[in-house]
Amino acid sequence: MPEQGPRMNGFSISELCWLFCCPPCPGRIAAKLAFLPPEPTYSVQTAADGTCSLHLSERADWQYSQRELDAVEVFETRTSRGNRVGCMFVRCAPNSRYTLLFSHGNAVDLGQMCGFYIGLGSRINCNVFSYDYSGYGISSGKPSEKNLYADIEAAWHVLRTKYGVAPESVILYGQSIGTVPTVDLASRYECAAVILHSPLMSGLRVAFPDTRKTYCFDAFPR
């Protein structure tokens, strides 16, 4: 990050130069503003029989027992853009009518979120299916707007085919940057409901909340 200088709307002039480097590519601007993938907090090991097991680092801040950890299903699937993305199914309520398809925020991965998923699903009597974006956790590739859309679509198809969850039983839940793929998927597929938690108005408005217009180089213009 460049050195600090006079600030404008929370950003220094040097930071703005770094952000809007020429050419002002929306994908690159979005990546600098929106994506903050942490160091992976988990790994997945595959046994000889093909079963996968989840292993968490200390930074995952796991607060449950090994029994709950063993019940979390993890695996990889491939997107239409050729990336492998990590998926997680947390079966909190086997007889639940609904499953959340959860798109998490920008600075966490599945390892940090799995404890939260157990607590959330248990409280609302709902199963939780989630995935890591390209470049997050064990997922390959780099985070980008186009990859977000491919990532959630791959997760959607796994939830529909591998687990047989009907569209009317899927609740789409997006948090922060996760609201972007959530809205995109909701515009293309039927589902039970959509929940947007701290949604983004656009990529540019993350840096400049008072922006009134949608510019041609803006990212996530919803």
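Described below are features of the structure shown in this document. Nothing here was measured: the structure is a model prediction, and the numbers come from that model.

1. Overview of the sheet that holds strand 9 (residues 170-175)
Item 1. Spatially, the six strands line up as an open sheet ordered 5-6-8-7-9-10, and their pairing is mixed. With one partner strand each, in any of the chains shown, strand 5 (72-78) and strand 10 (193-197) form the two edges of the open sheet. Across the sheet, the mean angle separating the axes of adjacent strands is 20 degrees when strand polarity is ignored.
Item 2. Relative to strand 9, strand 7 (residues 99-103) runs parallel, the two sharing five bridges. Counted as the bridge partner of Ser103 is Gly174 from strand 9.
Item 3. Packing against the sheet, helix 4 (residues 110-124) makes contact with strand 5, strand 6 (84-90), strand 7, strand 8 (127-131) and strand 9, and its axis sits at approximately 30 degrees to strand 6.

2. Topic: the environment of Ser96
Item 1. Counting through the fold element by element, Ser96 comes out in the loop between strand 6 and strand 7.
Item 2. When near neighbours in sequence (up to four residues on either side) are disregarded, Ser96 contacts Asn125, Cys126 and Asn127.
Item 3. In terms of polar contacts, Ser96 uses its side chain to reach the backbone carbonyl oxygen of Tyr98, at 3.0 Å.
Item 4. In terms of polar contacts, Ser96 uses its side chain to reach the backbone carbonyl oxygen of Asn125, at 2.9 Å.

3. Some points on the pattern of salt bridges
Item 1. A complete count under the given rule lists four salt bridges for this structure.
Item 2. One salt bridge connects Arg91 with Glu73, and the closest N-O pair in it is separated by 3.1 Å. Of this pair, Arg91 sits in the loop between strand 6 and strand 7 while Glu73 is found in strand 5, placing the two residues 18 residues apart along the sequence.
Item 3. In this structure, the salt-bridge partner of Glu76 is Arg84, at a minimum N-O distance of 3.4 Å.
Item 4. Residue classification places Arg84 among the partly exposed residues on the basis of a relative accessible area of 36%.

4. Here's the deal with helix 5 (residues 145-161)
Item 1. When the terminal C-alpha atoms of helix 5 are compared, their 25 Å separation across 17 residues agrees well with the 24 Å that a helix rising 1.5 Å per residue should span.
Item 2. On the buried face of helix 5, the contacting elements are strand 5, strand 6, strand 7, strand 8, strand 9 and helix 6 (179-186).

5. Topic: the packing of aromatic side chains
Item 1. Tallied over the full model, the rule gives 13 aromatic pairs.
Item 2. With centroids separated by 6.4 Å and ring planes inclined at 40 degrees, the aromatic side chains of Phe75 and Phe129 adopt a geometry described as tilted. Of this pair, Phe75 sits in strand 5 while Phe129 sits in strand 8, and the two are 54 residues apart along the sequence.
Item 3. Among the residues examined, Phe75 registers a relative accessible area of 14% and is labelled buried.
Item 4. Its relative accessible area of 0% is what places Phe129 among the buried residues.
Item 5. By way of ring pairs, the aromatic residues Phe75, Phe89, Phe129 and Tyr163 are connected into one cluster.
Item 6. Of note, Lys162 hangs over the ring of Phe75, and the distance from its end group to the ring centre comes to 4.9 Å.
Item 7. A cation over an aromatic ring shows up here: Lys162 above the ring of Tyr163, its NZ or CZ 5.7 Å from the ring centre.

6. As for the environment of Ala186
Item 1. Following the sequence through the fold, Ala186 ends up in helix 6.
Item 2. Judged by its relative accessible area of 28%, Ala186 falls in the partly exposed class.
Item 3. Separated by 14 residues in the primary sequence, Ala186 and Leu172 place their C-alpha atoms 7.6 Å from one another.
Item 4. Filtering out sequence-adjacent residues up to four positions away, Ala186 remains in contact with Leu172 and Val194.

About the cut-offs
- Each chain has its residues counted from 1, running along the sequence as written.
- Only residues with pLDDT of at least 70 get local features here, since the model is predicted, and only at 80 or more are side-chain atom pairs given and counted; chain-wide, interface and lining totals rely on the full set of residues.
- Where side-chain values are given, they derive from all heavy atoms of the structure, hydrogens and water being excluded.
- The pairing criterion is simple: DSSP has to find at least two bridges between the two strands.
- The helix and strand labels rest on DSSP assignments: H or I over at least four residues marks a helix, E over at least two residues marks a strand, and numbering proceeds from the N terminus.
- Geometry is summarised by axes, namely lines fitted to C-alpha atoms with helices restricted to the contacting stretch, and by angles between N-to-C directions that run from 0 to 180 degrees.
- Between two residues, a contact is recorded if the distance between any of their heavy atoms is within 4.5 Å.
- Nitrogen and oxygen atoms within 3.5 Å of one another constitute a polar contact, given that in protein one can donate a hydrogen and the other can accept it, and given that sequence-neighbouring residues count only through two side-chain atoms.
- Any carboxyl oxygen of Asp or Glu that lies within 4 Å of a side-chain nitrogen of Lys or Arg is treated as forming a salt bridge with it.
- Think of it in three bands: residues with accessible area under 20% of the maximum for their type are buried, residues over 50% are exposed, and the middle band is partly exposed, with areas taken using a 1.4 Å probe on protein chains only.
- Multiplying 1.5 Å by the helix residue count minus one yields the expected span of that helix.
- Stacked, edge-to-face and tilted labels apply to pairs of Phe, Tyr and Trp rings (six-membered ring for Trp) whose centres lie within 6.5 Å, assigned for plane angles under 30 degrees, over 60, and everything in between, in that order.
- Whether a charge lies above a ring is judged from NZ of Lys or CZ of Arg, which has to be within 6 Å of the ring centre and within 35 degrees of the ring normal.

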